[in-house]
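Structure assessment
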Amino acid sequence: MNAAALSLSPGEAPDHPRRSADLIGHRAAEAELLAAWRSGRLSHAWLIGGPRGIGKATLAFRFARFLLARGDAVSHDVGLPGLPGLDSGAGPEDLALAPTHPVFLRVASGGHADLLTIERQVNEKTGRLRSDIGVEEVRRLGDFFAKTAAEGGWRVAIVDAADEMSRSAANALLKILEEPPARAVILVVAHAPGGLLATIRSRCRRLVCRPLAAEEVATVLSRRAPALTPPERLALSHLADGSPGRALALAEQGGLAAYRDLLALLETLPDLDLAALHAFAERLARAENQALFRLTGELLSHWLVLVVRSAAAPGLGVGDGAAGEQPLIVRLGRRPSLDRWLDVWEKVNHILERAESVNLDRKQVLLNIFFALARAAQA
Amino acid sequence: MKLIIERAVLLSSLGHVQSVVERRNTIPILSNVQLEASSTALSLTATDLDLAIVEKAPAKVEQVGATTVPAHTFHDIVRKLPEGAEVELTYHGAEGRLTLRAGRSEFSLACLPKEDFPVMAAGDLGFHFNLSAAELRRLVDKTRFAISMEETRYYLNGIHLHATKSGPQAVLRAVATDGHRLARVEMPLPAGAAGMPGVIVPRKTVNELRKLIDGVGDGVKVSLSDTKIRFAFMDAILTSKLIDGTFPDYERVIPSGNDKMLEVGCKDFAAAVDRVATISTEKSRAVKFALDKDRLTVSASSPENGSALEEIPVAYAAQALEIGFNSRYLLDIAERIEGETASFAMNDAASPTVVRDGADEGALYVLMPMRV
């Protein structure tokens, strides 16, 4: 075991954003932060919004490190002419900090006294991650900002992710946002900013992170999961809707194989191969396949979105698919009307949600879904 | 890094620093203590991200270097080693391990790199002055009991240390309050402290400082800026963050026109209050004072327990007065009074009372009465 592996806290992935030196994509968001820093009037709170797994926290940690290492922008950072020959004249071009920089190392180890990360904690009783960020956790912010900076500069707090906060935790965060301390920045990461309290949203400057392009996702995959082949990477990028985090999760859970299995069945629409369908549903209903069932549900929902899109705008095509599903989607998209497919999409999502929340019989759930699809495709 | 150090020396230094390290930590580096060997000494650093203590212990150093090891495990090991043992510490950088040898025992401890360890940068501390251990102990002991525990008024969660004028004399003052009582202690301003910013030293720092005063004694060099404070003893240095807030204008709550003077023998008074308070209910712990010419009647009653009453001879010449206090607060103050007598200056049952120490002119306490 080496030293780097030792410094992981239990339950934390080795590629936690606090340790990630690269940022793929998000150039516009990065430039916006940099410009705000240069202006010398940095907003005290930023709401970094965008789909899950696209690198919002990576961007937040990148900015935190930059701010902790650099402090305030000085004249030559702003691009004012310096003394000739004394400095380069140009300020930093991005928020990157070398992984060997002392601040980088301390942030990576969790040992930077001026950076506080609010995230879900491991429940000591069960050893599992809690399902939400509790109010106790958010109250640490108050204590943190009540004290001066340990290293003399800025104090940065990252809330990752705000969507996970309980109601009382959100109110506690609001209290901090209402009376922001000086030389402090709060970076609020949110997968669905619209779901946060309006009062929180209105007190933060919005920073929008967009899903990555398929090539960018593939780049992340090539670094994080080098074992994948290039076609697999590309297929995963399409399947993940521009979210490298989602793509990695899919790769880990065998998402591609599950998607192919699913497509093999869907190919037979509108006439279902009943024997194959029963075998498929039987397999996913087994106790050990609970995770696979959930994954298949997600993939099915993703696939339906493609069909809906194709039905909505037949001329646009469906772009590059993940596993050669385009002809099928185009074929189905032509069939009934758009609202018919929307209904099915809504119904399928509803059933899947119910299956999860009230523990429905999984085989029956799948059969129901496929029969609904078949009916829609026949119409 | 390679060195040999006496077990007793290592244990005492480690004992001072390890208490800072939180027992429960989800971040591994924060459970560690940093070891750094210079040519003649081993420095141990521990931190909780709000304060850091560095302690130097003499050691025979063969090779300089630095690393970090789990603080509590390391402390437990050293504690369990036989008395009089010599401890050999060797850090193998390549494997990230620290080997500890003493007699026939050998331990290998997992290390984390020194670079991961938090830094409490003192930065540019503009003001420096010296205090004796006794002076610092007095400032701390006579005020820290009044520090607020309430988190919403975070600026009261510490001792306010500042330079000011008391009449014509320049003084260094320590003030703490929780809104119900206030303690103010002053001493002549030490050289170098003139013009220093008023700072609020957090409660935990005060408590660790108090332990260090007893542990390592002698004089202290205090350095501070508006964001950091450092207490440098001979072999130990405590550096801490400050509370980032403004201490309220406490002078306004210290009444100056109280004319009903009461003088009590401190020991008898405290014992009587303590006895009577036994009966008062858990939460409020209220006791009632009934004052008449040279006589104080302390009483308490509770619907569940019954009642208690005790009469104490005192010096009191003003008109009769009834006033209630929280007995816990009275005892806290009585405990800090060094002299034989304590004097109370009162106005009425609803205004703050000032308590002074017969033997310490520089100490003053303000106490809000309770309605009983």
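Residues numbered from 1 in each chain as written. Chains lettered and ligands numbered in written order. Predicted model: local features only at pLDDT ≥ 70, side-chain atom pairs only at ≥ 80, totals over all residues. Heavy atoms only, no water.

1. Things to note about the sheet that holds strand β20 (residues 295-302) of chain B
Residue and element names in this part refer to chain B.
- The antiparallel open sheet is built from four strands, whose spatial order is β21-β20-β19-β23. Each edge of the open sheet carries a strand with a single partner, namely β21 (306-313) and β23 (321-326). With direction set aside, neighbouring strand axes in the sheet form an average angle of 20 degrees.
- Looking at chain direction, strand β19 (residues 286-292) and β23 are connected through six bridges and run antiparallel. Bridge pairing in β23 links L291 to L321.
- Running over the sheet, helix α5 (residues 266-277) touches β19, β20 and β21 and is turned about 170 degrees from β21.
- Across the sheet, helix α6 (residues 327-336) touches β19 and β23, and the angle it forms with β23 is around 85 degrees. (Pairing = 2+ DSSP bridges. Helix = DSSP H or I, 4+ residues; strand = E, 2+ residues; numbered from the N terminus. Axes fitted to C-alpha atoms, helices over the stretch in contact; angles between N-to-C directions. Contact = heavy atoms within 4.5 Å.)

2. Observations regarding the environment of B:F107
Residue and element names in this part refer to chain B.
- Here F107 lies in strand β9 (residues 105-110).
- We classify F107 as partly exposed; its relative accessible area is 30%.
- Ignoring sequence-local partners within four residues, the contact set of F107 consists of I77, L81, L98, T99 and L100. (Buried < 20%, exposed > 50% of the residue type's maximum accessible area, 1.4 Å probe, protein only.)

3. A closer look at helix α5 (residues 135-145) of chain A
- For α5(A), the set of buried residues is A:V135, A:E137, A:V138, A:L141, A:F144 and A:F145.
- In this fold, the buried residues of α5(A) make contact with β2 (115-118), β3 (155-160), α6 (167-178) and β4 (184-190) of chain A together with β17 (236-241) of chain B.

4. Comments concerning the domain arrangement of chain B
- Domain annotation for chain B reports domain 1 (2-116), domain 2 (127-252) and domain 3 (254-367).
- Just the C-alpha atoms count here: the centres of domain 1 of chain B and domain 3 of chain B sit 50 Å apart. (Domains from an automatic or database assignment.)

5. Details of the packing of helix α9 (residues 230-239) of chain A against helix α11 (residues 255-266) of chain A
Residue and element names in this part refer to chain A.
- Two elements in contact, α9 and α11, have axes separated by 10 Å at closest approach and are oriented at 70 degrees. In terms of orientation, α9 lies roughly perpendicular with respect to α11. When α9 is examined against α11, the residues E232, A235, L236 and L239 are found in contact with a partner set consisting of G255, L256 and Y259.
- The residue makeup of the contact of α9 with α11, split by class, is five nonpolar, one polar and one charged. (Parallel < 35°, antiparallel > 145°, perpendicular 65-115°, else oblique. Nonpolar A, V, L, I, M, F, W, Y, C, P; charged D, E, K, R; others polar.)

6. So, a nonpolar patch on the surface
- Together, A:L338, A:L342 and A:W345 line one region of the surface with nonpolar side chains, adding up to about 220 Å² of accessible area.
- Examined against the element boundaries, A:W345 turns out to sit in helix α15 (residues 338-357). (Patch = residues over 30% accessible without salt bridge, like charges linked within 9 Å, V, L, I, M, F, W, Y side chains within 5 Å. Areas by Shrake-Rupley, 256 points an atom, 1.4 Å probe, with all protein chains shown as cover. Salt bridge = Lys/Arg side-chain N within 4 Å of Asp/Glu carboxyl O.)

7. Focus on the pattern of salt bridges
- By the definition in use, this model includes 48 salt bridges over all chains.
- Several salt bridges share partner residues, and in doing so they unite B:D178, B:R181, B:R328, B:D332, B:E335 and B:R336 into one network.

8. Things to note about the interface of chain A and chain B
- In this assembly, 28 residues from chain A lie in contact with 28 residues from chain B.
- Of the roughly 2,200 Å² buried between chain A and chain B on both sides combined, carbon and sulfur atoms contribute 56%.
- Per-residue buried area on chain A facing chain B is highest for A:A146, A:K147 and A:T148; these three make up 25% of the total on that side.
- Across the contact surface, chain A and chain B share two salt bridges.
- With a closest N to O distance of 3.2 Å, B:D50 and A:K147 form a salt bridge.
- Applying the counting rule to chain A against chain B returns nine residue pairs in polar contact (both at pLDDT 80 or more).
- It is helix α4 (residues 102-109) of chain A that contributes the most residues to the side of chain A that touches chain B, four residues altogether.
- When grouped by side-chain class, the residues that make up the side of chain A that touches chain B number 12 nonpolar, nine polar and seven charged. (Buried area = accessible area lost by both parts, 1.4 Å probe. Polar contact = N/O pair within 3.5 Å; in protein donor to acceptor, adjacent residues only side chain to side chain.)

9. Let's talk about the nonpolar core
Residue and element names in this part refer to chain B.
- With 103 residues, the main nonpolar core has F74 and F289 as its most contacted residues.
- The dominant element in this core, judged by the number of residues it contributes, is α5, at seven residues.
- Sequence-distant contacts of F289, that is, excluding residues within four places in its chain, are made with F269, V273, L296, T297, V298, L321, E322, I323, F325 and L330. (Core = buried A, V, L, I, M, F, W, Y, C linked by side-chain atoms within 4.5 Å.)

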